[in-house]
Amino acid sequence: MKRRNLLLLALTPLVIASAAYSVADTPETLLIRQALNNDKFGLRRGVEHLDVALSAVARDFVVYAGNNTADPRGWQILHEDREAYAKSLRSNLIANQYDIERAVPHILVLEKKAVVATVDSGYVVDRRSGDRKFVKSKRFWTFTKFDEEWLATSF
């Protein structure tokens, strides 16, 4: 019985280390996380840092309304390119201040494509009235690697 306990005790750090290694970020996921952080920090800092948020998105970026369905056939296009998104985002950041945090529960990278799930939560503050509204939003992102840079192509 003692040998078995010693063996389990000796193997425990190896199991923990292997589990930690399997969920560790790769260079690719770190670059994707940086793009997601640029988007988040641009939102949090406001319209004067719109370029930071837009640095995370590709020229052919598309924004969809998911309509509470995982089936893409039920989605609608809200913004068909980066310019339309930038115009909408600018208006939104003029009207609202974002105090959000972002969790990234899932990243899957396959060569030069990636899918990412995020959960944003926190407060949106109306700049005119000061009203604070709690928000929680789940997003499904797609990314493409352009040269050595990962950019969002949709959410």
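Residues numbered from 1 in each chain as written. Predicted model: local features only at pLDDT ≥ 70, side-chain atom pairs only at ≥ 80, totals over all residues. Heavy atoms only, no water.

K.L.:
So, the side chain of Thr153: which residues are in play, and what are the values?
P.N.:
Position of Thr153 relative to the elements: it lies in strand 6 (residues 149-154). In terms of polar contacts, Thr153 uses its side chain to reach the side chain of Thr142, at 2.7 Å. (Helix = DSSP H or I, 4+ residues; strand = E, 2+ residues; numbered from the N terminus. Polar contact = N/O pair within 3.5 Å; in protein donor to acceptor, adjacent residues only side chain to side chain.)

K.L.:
Which residues make up the confidence of the model for the protein chain, and what are the values?
P.N.:
Regions with low pLDDT should not have their predicted coordinates read in detail. Mean pLDDT over the protein chain works out to 87, with 85% of the residues at or above the 70 mark. Across residues 1-22, confidence stays below pLDDT 50; counting only partners more than four residues off in sequence or on other chains, it has zero contacts. (pLDDT = per-residue confidence, 0-100. Contact = heavy atoms within 4.5 Å.)

K.L.:
I'd like a description of the sheet that holds strand 2 (residues 76-79), backed by residues and values.
P.N.:
Paired through backbone hydrogen bonds, the strands of a sheet run either parallel or antiparallel to each other. Across the sheet, which stays open at both edges, the six strands sit in the order 2-1-6-5-4-3 with mixed pairing between neighbours. Looking at which strands have only one partner, the edges of the open sheet turn out to be strand 2 and strand 3 (96-110). Each strand axis lies, on average, 35° off the axis of its neighbour in the sheet, ignoring direction. In the sheet, strand 1 (residues 57-65) pairs with strand 6 via two bridges, with the strands oriented parallel. Looking at the pairing, Val57 lines up with Ala152 of strand 6. Where helix 2 (residues 27-45) meets the sheet, it contacts strand 3, strand 4 (113-126), strand 5 (132-146) and strand 6, and its direction lies at approximately 165° from that of strand 3. Taken strand by strand, helix 4 (residues 82-95) contacts strand 1, strand 2, strand 3 and strand 4, and its axis lies near 65° from that of strand 1. (Pairing = 2+ DSSP bridges. Axes fitted to C-alpha atoms, helices over the stretch in contact; angles between N-to-C directions.)

K.L.:
So what's going on with the pattern of salt bridges? Residues and values would help.
P.N.:
Inspection of the entire model under this criterion finds nine salt bridges. Between Asp99 and Arg44 there is a salt bridge, with its nearest N and O atoms 3.2 Å apart. Of this pair, Asp99 sits in strand 3 while Arg44 is found in helix 2, placing the two residues 55 residues apart along the sequence. Here Lys145 and Glu148 are joined by a salt bridge, their closest N and O atoms 3.6 Å apart. With a relative accessible area of 14%, Lys145 lands in the buried category. (Salt bridge = Lys/Arg side-chain N within 4 Å of Asp/Glu carboxyl O. Buried < 20%, exposed > 50% of the residue type's maximum accessible area, 1.4 Å probe, protein only.)

K.L.:
I'd like to hear about unusual backbone geometry, residue by residue, with values.
P.N.:
When glycine is set aside, most residues are seen to have a negative phi, and most peptide bonds are trans. With phi around 50°, Asn67 is a residue other than glycine that occupies positive phi space. Structurally, Asn67 is set in the loop between strand 1 and strand 2. The partly exposed category is assigned to Asn67, whose relative accessible area is 42%. Here Glu111, not a glycine, exhibits a phi torsion of approximately 55°, which is positive. Structurally, Glu111 can be placed in the loop between strand 3 and strand 4. Overall, the relative accessible area of 74% leaves Glu111 in the exposed class.

K.L.:
Explain helix 2 to me, and be specific about the residues and the numbers.
P.N.:
Between its first and last C-alpha atoms helix 2 spans 27 Å; for 19 residues at 1.5 Å apiece the expected length is 27 Å, and the two agree. Where the residues of helix 2 are buried, they touch helix 3 (50-54), helix 4, strand 3, strand 4, strand 5 and strand 6. (Expected span 1.5 Å × (residues − 1).)

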